[in-house]
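# An overview of the molecular structure
Given next are the chains, with one letter for each unit.
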Amino acid sequence: MTFPLLKYCGNQNFYDYQLAASSKASHIGFIFYEGSKRYVRSQEVGRWIGKYPKQKRQKLVGVFVHPTLEELKDVLQYVKLDIIQLHGHETVSFLQEVSHAVKLPIWKAIHHDEEALSLMREYNGVASGYVIDVKTKEAWGGTGQAFNWEVVPDYTQEAARQGVQCFIAGGVNPSNVKQLLLYEPMGIDLASGIEQAGVKSKKLVEDLERKVEQTMNKFPDEQGRFGDFGGKFVPETLMYALEELESGLGEAMADPEFIDLYHKTMKDYSGRPTPVTYARRLSEKIGGANLYLKREDLNHTGAHKINNAIGQGLLAKRMGKEKLVAETGAGQHGVATATIAAYLGLSCKVFMGKKDVERQQLNVFRMELLGAEVIPVESGSQTLKDATNEALRYWVENVEDTFYLIGSVVGPHPYPMMVRDFQRVIGDESKAQFLELKGKLPDVIAACVGGGSNSMGMFYPFLEDDVELIAAEAGGKGEDTAFHAATLAKGRKGVIHGALTYLIQDEAGQIIEPYSISAGLDYPGIGPEHAYLASIDRVHYESITDEETLEAVELLCRLEGILPALESAHALALAIKKAKTLTKEQDILVCLSGRGDKDVHSIQKTLQGGGVHE
Amino acid sequence: MSRLSKTVSASDKMHFIPFITAGDPNIETTIDLALMLQDMGASVLELGIPFSDPLADGPVIQRASLRALAGGMTLSKAMDIVPKMREKGLKIPVIIFTYYNLLLQLGENNFIKKAIENEIDGLLVPDLPYEESAALRSQCREHHLALISLVAPTTSQERLERIGKDSDGFLYCVSSLGVTGVRKTFHPHVLSFLQRVQKASEIPVAVGFGISSKEQVQQLKDYCEGYVVGSAIVREIESREDRLQSAERDQAIEEIRETLSQKLLF
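Residues numbered from 1 in each chain as written. Chains lettered and ligands numbered in written order. Predicted model: local features only at pLDDT ≥ 70, side-chain atom pairs only at ≥ 80, totals over all residues. Heavy atoms only, no water.

Counting secondary structure elements, chain B contains 13 helices and eight strands. Taking 266 residues into account, the globule formula puts the C-alpha radius of gyration at 18 Å, and chain B, at 17 Å, falls close to it. Taking the principal axes of its C-alpha atoms as reference, chain B extends roughly 55 × 40 × 35 Å. When burial is assessed residue by residue, chain B has 64% of its 266 residues classed as buried. Partitioning the intrachain contacts of chain B with sequence separation of at least 6 by distance along the chain shows that 74% fall at a separation of at least 24. (Helix = DSSP H or I, 4+ residues; strand = E, 2+ residues; numbered from the N terminus. Rg over C-alpha atoms; globule rule 2.2 N^0.38 Å. Buried < 20%, exposed > 50% of the residue type's maximum accessible area, 1.4 Å probe, protein only. Contact = heavy atoms within 4.5 Å.)

Residues and elements named next belong to chain A. The interhelical angle for the contact between helix α9 (residues 236-253) and helix α17 (residues 415-423), taken along N-to-C directions, is 30 degrees, at an axis separation of 11 Å. Judged by the inter-axis angle, α9 sits roughly parallel to α17. Note that α9 runs across α17; the crossing there is left-handed. Touching L242, L245, L249 and M253 of α9 are Y415, M417, M418, D421 and F422, all from α17. Residues that form the contact of α9 with α17 fall into these classes: eight nonpolar, no polar and one charged. (Axes fitted to C-alpha atoms, helices over the stretch in contact; angles between N-to-C directions. Parallel < 35°, antiparallel > 145°, perpendicular 65-115°, else oblique. Left-handed = near helix turned anticlockwise from the far one by under 90°. Nonpolar A, V, L, I, M, F, W, Y, C, P; charged D, E, K, R; others polar.)

Attention shifts here to the sheet that holds strand β4 (residues 83-86) of chain A. Residues and elements named next belong to chain A. Read around the barrel, eight strands follow the order β1-β2-β3-β4-β5-β6-β7-β8 and close on themselves; strand pairing throughout is parallel. The mean angle between the axes of side-by-side strands here comes to 25 degrees, regardless of whether they run parallel or antiparallel. In terms of strand pairing, strand β3 (residues 59-64) meets β4 through four bridges, oriented parallel. Its bridge partner being in β4, V61 is matched across the sheet by I83. Here helix α6 (residues 152-162) sits on the sheet and contacts β6 (129-133) and β7 (165-168); the angle it forms with β7, its principal contact strand, is near 160 degrees. (Pairing = 2+ DSSP bridges.)

Residues and elements named next belong to chain B. Considered for burial, the residues of helix α4 (residues 75-87) that qualify are L75, A78, M79, I81, V82, M85 and R86. One face of α4 carries all of its buried residues, which in axial projection span an arc of 145 degrees. Buried residues in α4 make contact with α1 (3-9), α2 (27-40), β2 (45-48), β3 (94-97), α5 (100-106) and α6 (108-117). Where α4 terminates, the next one or two residues include G89, which has phi positive at roughly 110 degrees. (Arc of directions from axis to C-beta.)

Before going further, it helps to examine the interface of chain B and chain A. Counting residues at the interface gives 36 residues for chain B, matched by 34 residues for chain A. Summed over both partners, the interface of chain B with chain A buries about 2800 Å², with 53% contributed by carbon and sulfur atoms. Linking chain B to chain A there are four salt bridges. Between E132 of chain B and R225 of chain A there is a salt bridge, with its nearest N and O atoms 2.7 Å apart. Between the two partners, chain B and chain A, sit 19 residue pairs in polar contact (both at pLDDT 80 or more). Within the residue set of the side of chain B that touches chain A, elements represented by two or more residues are α3 (59-70), α5, β5 (146-151) and α8 (157-165) of chain B. Considered class by class, the residues forming the side of chain B that touches chain A number 20 nonpolar, nine polar and seven charged. (Buried area = accessible area lost by both parts, 1.4 Å probe. Salt bridge = Lys/Arg side-chain N within 4 Å of Asp/Glu carboxyl O. Polar contact = N/O pair within 3.5 Å; in protein donor to acceptor, adjacent residues only side chain to side chain.)

The subject of this paragraph is unusual backbone geometry. A cis amide bond links R272 of chain A with the next residue in sequence, P273 of chain A, at an omega value of 0 degrees. With respect to the helices and strands, the residue P273 of chain A is situated in the loop between α10 (256-268) and β13 (276-278). Of note in the backbone geometry, D537 of chain A takes a positive phi value of approximately 60 degrees without being a glycine. Look at F209 of chain B: it is not a glycine, yet its phi comes out positive at around 80 degrees. Among the structural elements, F209 of chain B can be located in the loop between β7 (205-208) and α10 (214-220).

With that settled, the discussion passes to the UniProt feature "modified residue: N6-(pyridoxal phosphate)lysine" (unreviewed entry) in chain A. Within this structure's numbering, the places UniProt gives as "modified residue: N6-(pyridoxal phosphate)lysine" (unreviewed entry) are K305 of chain A. The residue K305 of chain A is located in helix α12 (residues 305-318) in this model. (UniProt positions renumbered as here; feature names shortened; annotations may be inferred.)

Turning next to a negative patch on the surface. Side chains of E34, E70, E71 and D74 of chain A sit close together on the surface and give a patch of like negative charge. Tracing the backbone shows E71 of chain A in helix α3 (residues 69-78). (Patch = residues over 30% accessible without salt bridge, like charges linked within 9 Å, V, L, I, M, F, W, Y side chains within 5 Å. Areas by Shrake-Rupley, 256 points an atom, 1.4 Å probe, with all protein chains shown as cover. Lys, Arg positive; Asp, Glu negative; His and termini not counted. Charge placed at Lys NZ, Arg CZ, Asp CG, Glu CD.)

Turning next to the UniProt feature "active site" (unreviewed entry) in chain B. All names here are of chain B. Under the UniProt annotation, the feature "active site" (unreviewed entry) is placed at E46 and D57. We classify E46 as buried; its relative accessible area is 1%. Setting aside anything within four residues of it in sequence, one finds E46 in contact with I17, P18, F19, I20, I95, F97, L124, Y172 and V228. Relative to the elements of secondary structure, D57 occurs in the loop between β2 and α3.

Within the secondary structure, I544 of chain A sits in strand β23 (residues 539-545). Among the residues examined, I544 of chain A registers a relative accessible area of 0% and is labelled buried.

Turning to the sheet that holds strand β14 (residues 290-295) of chain A, a few remarks are in order. Residues and elements named next belong to chain A. Read across the open sheet, the six strands follow the order β13-β14-β24-β19-β20-β23; overall the sheet is mixed. Among the strands making up the open sheet, the edge pair consists of β13 and β23. Adjacent strand axes in the sheet meet at a mean angle of 25 degrees, parallel and antiparallel pairs treated alike. With seven bridges connecting them, strand β20 (residues 468-476) and β23 associate as parallel partners. Bridge pairing in β23 links A471 to Y541. The strands touched by helix α18 (residues 425-438) are β13, β14 and β24 (587-592); relative to β14, the strand with the most contacts, the crossing angle is about 135 degrees.

So, on to the nonpolar core. Among the nonpolar cores identified, the biggest contains 188 residues, and W395 of chain A together with F16, L37, F111 and F170 of chain B are the most heavily contacted of them. If we skip the residues at most four places from it in the chain, L37 of chain B touches F16, P18, I20, A42, L45, I233 and L260 of chain B. The next biggest cluster of nonpolar side chains, apart from the first, holds 56 residues, and it includes W48, V102, V172 and V212 of chain A. (Core = buried A, V, L, I, M, F, W, Y, C linked by side-chain atoms within 4.5 Å.)

What follows is about the packing of aromatic side chains. Residue and element names in this part refer to chain A. Scanning the entire structure with this criterion turns up 24 aromatic pairs over all chains. Members of the aromatic cluster, joined through ring pairs, are Y17, F30, F32, W48 and F64. The ring of Y460 has R420 sitting right over it, with the charged end atom 3.9 Å from the ring centre. (Phe/Tyr/Trp six-rings, centres within 6.5 Å; stacked < 30°, edge-to-face > 60°. Lys NZ or Arg CZ within 6 Å of the ring centre and 35° of its normal.)

With that settled, the discussion passes to the pairing of β3 of chain B. All names here are of chain B. Burial of β3 is two-sided: the residues V94 and I96 facing one way and the residues I95 and F97 facing the other way are all buried. Bridging between β2 and β3 involves four bridges; their strand directions are parallel. Looking at β3, one finds that L47 is bridged to I96. Summarising the sheet, β3 and strand β4 (residues 122-124) pair through three bridges and their orientation is parallel. For F97, the partnering residue across the bridge sits in β4 and is L124.

Here's what the structure looks like:
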C-alpha cells in the first residue's frame, strides 16, 4: 500500500493556507465558485502564496462550477494554479475547451451514484483526475457526507485504468479515515473534516496525518523493520529457525482457537485481567494529576513476564517443540519460562550469566524447583547479553526440537513483534478498564523500559490515541556517569542480538555492560520498535536514577501498601515527576509491571548504605 | 578478474583457507602467523576481527576475541595490519571477517575506502544474511571487493539458488549447525548439501565450521574447492599464548606450523 495523496480543500484565509502549505498535503485547494460558503477571491489567494511559499511538491487546485473561460483566466492571473477542478455538470467538450485554453490538467468531480462509473468512462482521456463526492440537491460539491466506501476500489480501478488520479471526498475526518484507508484510495480530499468552527484546525490535521501514517506503516514490515530499526541480523544458520518460527507464529495468530487458548490460559492460570488501582493517597500527596496503577504485579509469578511466556509456550507446543530454552538476567523471565514449561510439560533450559547466577541465588533455586536446568554462562561479561548470545547459539544447534523463548521485545524478527503481541493484553485491558472507570482515556501513560516488553505491550494499543506516552530508562547513578542503562539517551545505532536498534557501545562498536539498580533494566540495547517510536517522537523517553527509583518505592509502600519491583518503580518515579506538572483533572496510568519481593534484599542493602550488585 | 577470484578458481587443488583473529595475542604474532600460513600453502587468509558478542562463534574463537580485545584491537587497527603483512611478503588474498556492528560503527564507506588502500580483497560478515546485505553487496561490487556469502545445510533451496547466483569470490558453506568450533562429525547431509550448492552456484565452494583434520578434508575433497580452518588453528595459538608474547615467539610459531602440517596437510 502506498501513502495516499492528501488534498486539503476550501482554504478560506491565510492561516488555513499556511497550515496546508506546511502539512503533508500533496494538494491545496481553493474554491473560486461564488455560490460556495468557502469562496475565496483570487487576489487574496495570490497574496497568501506570495507571503508564505508552499512546498515544491505541493500542487494548487482551483475549484470551479461552470466557469467561463474569462473567469478562469482572471483567476490564473493572480494564482498560478496547477490543476483546474470542475465541480458542476461540465460536459466532455467543455473540459476539452478549458484544457485547450488554459493548458492545465483538468479534474472532474463525479457524484457518487450508480451512474458514476460510466460517467468516469465518458471523461476518459479528457479528465486528468477525479474527485468522487456526494451531492445533495441544494449544494454543488462539498457536502461533508460520506458515502458507502465499499465501492472505492471500483473508482480507484477505473482511474488506474485511465492512468489518472482519483480522490475520495465527502465526510472524511480523523475519526473515520482509517475506515476509508481499508479500501486503499489513491487520494483523500478533506475540507470540513479538518475544520473546527469553520476554520482549519492544526490539531485535526495532525491527528489525521498521524492516523494515515500509522495505517500505512503497519510495522514491522516484511523484513521485520520498524522504520530503520529491527530486521534479522543473524548468522545464516539461524535463518531457517526464524523462518520456521515466522510461519508457525503466522498460522497460530490466524487461528481463533489458539487465540482463545492463550486468553483462557491467561485467565485461568495467571489470574487475568489484572486490575487498575487508583493510588488515592499517593495522588493526594503529590498534588497534581491522579495516578492509576495497572497491576501487572498481581499476575502469577509476580510480573508481566508470564503473559509472553504463556503465549510463546503455547506456540512452542503447537509447533511440536518439546524443549524450551530461555535467557535470563535477574531470573524473572527464567522463572516465567520454567513455570510455563512445568505447566505444559515441556523441558526447560535457562541460560544465565555466571555473575547473575551468583547474585540471584534465590531465583536460580526457584527455577530448579520448577524443574528447569540453569546453565551458567561464562563467556563474555557473564551477564544477560552473554546469556542471550549463548541461548541463541544453543538454539542454532538444536533447532529441530527446541523453541527459544525470548523474554523481551528484542532479538531478530519476528521476536520483537511476537513479544509485543503477547504483551499487548496489558494495554488492551487498560484501555477498556480506564474507559469504564473514567469514561475517557488517561492523559498520560508511563512505563519502564529495559528491553521494553511491558512498555511496548502497554503503549501499543494507545499509539493511535491522543494519549501522551512516556517511558523511563534506567539512569543508574546518572546518565553522565559510566553507570547507567540509558540506551536511547546515551547509545548509538547498532546491531545487538540480531536487531538494528540503539545500544550502549564504545567507539569501535564493542558492546558495553550497562548498570542499573534494577537487574531487569540493565540491558545494553532496547527493543527496535522503541527505537522507532523514539525516532518519530511518539514516545518520550527519560532516564530515572537509582535514587529517584528508591524514593518511589518507599512512597508506594507507605502510601498504598504496594511494594513495586525496582523496574516498575522507575515508571512510577517518572509518573510522579510528570504528575506535578499536571492538574487534578488529568490522569496518569502507570504500568506497575511487577512486584518487588524479589528486590527486598537489594533495597535493604542500598537503603542501609552500600551499593547494589556488590 | 580479482586476485581473490583468480586464486580460488585456479588449479584443481583443494584450497586451504586459514582463519586467525587479528591481535591474538598481539599484532606481531598475527603478522608472523599470516606469513607462516602462506608458506604452508594457504590460498587465502581470513582475518577475524574480535567482537564483544560473537554470536556465530564457539568458545575457542570467543576466547581469541577476548585476548585480542584486551590488547585494544579494533576493525580499523586490524585493517592496518594487512599492509604490514604485505611489506613482509604476504601475497595471498586477505578477507576480513567482521561482525556487522563493527562495520556499521566504522561506516561502510570508510571500510571500503580503507580496504582498497590496504589491499584487502574481501569481506565476510557472519551476521549479515543475504536479505540484509543488498546495499553493502552492490557497494562492494562497485569497488571490486568480494562480499562472501554463507549458506548452511538448513538454507532452503529457494534461498540457496538466490544466494548462489548473487555471490562473489567463493561461497562459504557451513558444514554443521551451530557455532564455529572443532567437531568430530559433520551434519549428516553435508555431502548432498554440497552437491546442491555446486548446482546452484558457479563460483568456487569452500567448506567451514568444524574442520580440524586431513581425514575430514579427504572426505570433502570431491565436493568442494576449498576448506576453512579456524578453531583448530586458534587452539594452537591459545595453548602457546604466553610464549607468543615472549622471546620464544619464533619457536612457538614453528611448533604451530609443525602441528598444523601434520594434522591438516596431505
